[in-house]
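# Structural overview for review
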Amino acid sequence: MASLNVGNLGEYLREQRRTAQLSLRQLADAAGVSNPYLSQIERGLRKPSAEVLQQVAKALRISAETLYVRAGILDEAERDELETRAVILADPSINERQKQVLLQIYDSFRKENAAETAAAAPDATPPSSQ
């Protein structure tokens, strides 16, 4: 199954590289990885580390979290949460206190919804007290 994820990752990287109109060599140079290694990743022969994926994402100007999901390092729900947090923290129109308040509200909504989902499940166990 991991090779399937790696293959999908490679196909996705190749597509993103071509969309960015970069050669394999140009992307390898921009990401700071070797050309043969990047080629092996694109062909699904190698599973890159999170660090390499982050470098490649930066060079392609795409979300590293998207690559983590494609590589099976992160699930989509985790990616969505991380991206939401990143957008809030990066917003220059609100101050640090407002960002922290927004993140606290976001966390409380996620916990509330998780509790409701668990309670609605047929074999739900009561949530632990906090």
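The text that follows walks through the structure, step by step, so that each part is easy to find. (Residues numbered from 1 in each chain as written. Predicted model: local features only at pLDDT ≥ 70, side-chain atom pairs only at ≥ 80, totals over all residues. Heavy atoms only, no water.)

### Notes on the overall build of the protein
Looking only at helices and strands, the protein has seven helices and zero strands in total. The secondary structure elements of the protein, listed N-terminal to C-terminal, are α-α-α-α-α-α-α. In the protein, which comprises 130 residues, the share counted as buried stands at 27%. Sequence-distant contacts, at least 24 apart, represent 43% of the contacts inside the protein between residues at least 6 apart. Total accessible area on the protein is roughly 8,700 Å²; 51% of this is exposed by carbon and sulfur atoms. (Helix = DSSP H or I, 4+ residues; strand = E, 2+ residues; numbered from the N terminus. Buried < 20%, exposed > 50% of the residue type's maximum accessible area, 1.4 Å probe, protein only. Contact = heavy atoms within 4.5 Å. Areas by Shrake-Rupley, 256 points an atom, 1.4 Å probe, with all protein chains shown as cover.)

### A short note on the environment of Ile41
Along the polypeptide, Ile41 turns up in helix H3 (residues 35–42). Here the alpha-carbon distance between Ile41 and Leu9, two residues 32 residues apart in the chain, equals 7.8 Å.

### Looking at the nonpolar core
Ranked by size, the top nonpolar core spans 20 residues in total, and within it Leu9, Leu13, Val33, Leu38, Leu53, Val56 and Leu67 carry the most contacts. When contributions to this core are tallied by element, the ones reaching two or more residues are helix H1 (2–19), helix H2 (24–31), H3, helix H4 (50–60) and helix H5 (64–71). Not counting residues up to four positions away in its chain, the partners in contact with Leu38 are Leu24, Leu27, Ala28, Val33 and Val56. (Core = buried A, V, L, I, M, F, W, Y, C linked by side-chain atoms within 4.5 Å.)

### Considering helix H6 (residues 76–90)
Owing to its 3.6 residues per turn, the α-helix brings residues three or four apart onto one side. If you check H6, its first and last C-alpha atoms are 21 Å apart, about what 15 residues at 1.5 Å a residue would give, namely 21 Å. Between a side-chain oxygen at the N-terminus of H6 and the backbone nitrogen of Glu78 the separation is 2.8 Å; the capping residue is Asp75. (Expected span 1.5 Å × (residues − 1). Polar contact = N/O pair within 3.5 Å; in protein donor to acceptor, adjacent residues only side chain to side chain.)

### So, the packing of H2 against H3
Any two packed helices are characterised by how steeply their axes cross, that is the angle between the axes, and by the distance between the axes. Relative orientation of the contacting elements H2 and H3 amounts to 110 degrees, with a least axis distance of 9 Å. Classified by the interaxial angle, the pair formed by H2 and H3 is roughly perpendicular. As for how H2 packs across H3, the hand of that crossing is right-handed. Across from Leu24, Arg25, Leu27 and Ala28 in H2, the residues of H3 making contact are Asn35, Leu38, Ser39 and Glu42. In the contact of H2 with H3, the residues fall into four nonpolar, two polar and two charged. (Axes fitted to C-alpha atoms, helices over the stretch in contact; angles between N-to-C directions. Parallel < 35°, antiparallel > 145°, perpendicular 65-115°, else oblique. Left-handed = near helix turned anticlockwise from the far one by under 90°. Nonpolar A, V, L, I, M, F, W, Y, C, P; charged D, E, K, R; others polar.)

All we've got here are geometric facts, nothing functional implied.
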